[in-house]
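Observations on the three-dimensional arrangement
Next come the chains, spelled out residue by residue.
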Amino acid sequence: QVQLAESGGGLAQAGGSLRLSCAASGRTFTSYVSYTMGWFRQAPGKEREFVAAINWSAVNTRYADSVKGRFTISRDNARNTVYLQMNSLKPEDTAVYYCAATLGGSLLPTAPTPYDYWGQGTQVTVSS
């Protein structure tokens, strides 16, 4: 099994930046580097929505239209960690952010259902 733990959330002003981290740990029969990693977010009263994903080799990335050009997903496989650099933050970015893992390889799924493991979430609040 894989356990995911997000960190780096907090309060930011509009136009500011935050960097989220997701550290993977625990036992699994599959190496961490085999997983596609994704970031999702969920605001109160809203469905969980896709933010970004990166494949195991970090060759391919995918972003939601709402964050494209502002957010950057990356991974450091040596540290079993995936990052989400969030720049030019907007109040509508306010949500609980979750990292997730799937063995989908380079498919980079945008739906939550293919992801097998989820973190607890970290709150991001952006004030105007």
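Our subject is the structure that appears above.
Residues numbered from 1 in each chain as written. Predicted model: local features only at pLDDT ≥ 70, side-chain atom pairs only at ≥ 80, totals over all residues. Heavy atoms only, no water.

Notes on the packing of aromatic side chains
Let me state the cut-off plainly: Only rings of Phe, Tyr and Trp enter the pairing, Trp through its six-membered ring, and a pair is recorded when the two centres are within 6.5 Å. The plane angle decides the type: under 30 degrees is stacked, over 60 is edge-to-face, the rest tilted. Secondary structure counts use DSSP, requiring at least four H or I residues in a row for a helix and at least two E residues in a row for a strand, with both numbered from the N terminus. Burial classes: relative accessible area under 20% of the type maximum marks a residue as buried, over 50% as exposed, and values in between as partly exposed (1.4 Å probe, protein chains only). Charge over a ring is defined by NZ of Lys or CZ of Arg lying within 6 Å of the ring centre and within 35 degrees of the ring normal.
Inspection of the entire model under this criterion finds five aromatic pairs. With 5.1 Å between their ring centres and 80 degrees between their planes, F40 and Y115 make a pair best called edge-to-face. In this pair, F40 is assigned in strand β4 (residues 36-42) and Y115 in the loop between β9 (95-102) and β10 (117-118), connecting sequence segments 75 residues apart. Comparing F40 with Y115 shows no difference in burial state: the two are buried. A ring pair is formed by F40 and W118, whose centres lie 5.0 Å apart and whose planes are at 55 degrees; its orientation type is tilted. Taken together, the residues span a long stretch of sequence, with F40 in strand β4 and W118 in strand β10 at a distance of 78 residues. Judged by relative accessible area, which is 0%, F40 ranks as buried. Three or more aromatic residues link up through ring pairs in this structure, and these residues are F40, F50, Y115 and W118. A cation over an aromatic ring shows up here: R48 above the ring of Y98, its NZ or CZ 3.8 Å from the ring centre.

As for the state of the cysteines
To keep things clear, this is the line we draw: We call a pair of cysteine sulfur atoms a disulfide whenever their separation is within 2.5 Å.
Under the defined criterion, the tally for this structure stands at one disulfide. The side chain of C22 participates in a disulfide bridge whose partner is C99; the two sulfur atoms lie 1.9 Å from each other. Between C22 and C99, the S-S dihedral sits near 55 degrees, and the bridge is therefore right-handed. Residue C22 is located in strand β3 (residues 18-25), and its partner C99 is located in strand β9; the two are separated by 77 residues in the primary sequence. A relative accessible area of 0% places C22 in the buried class.

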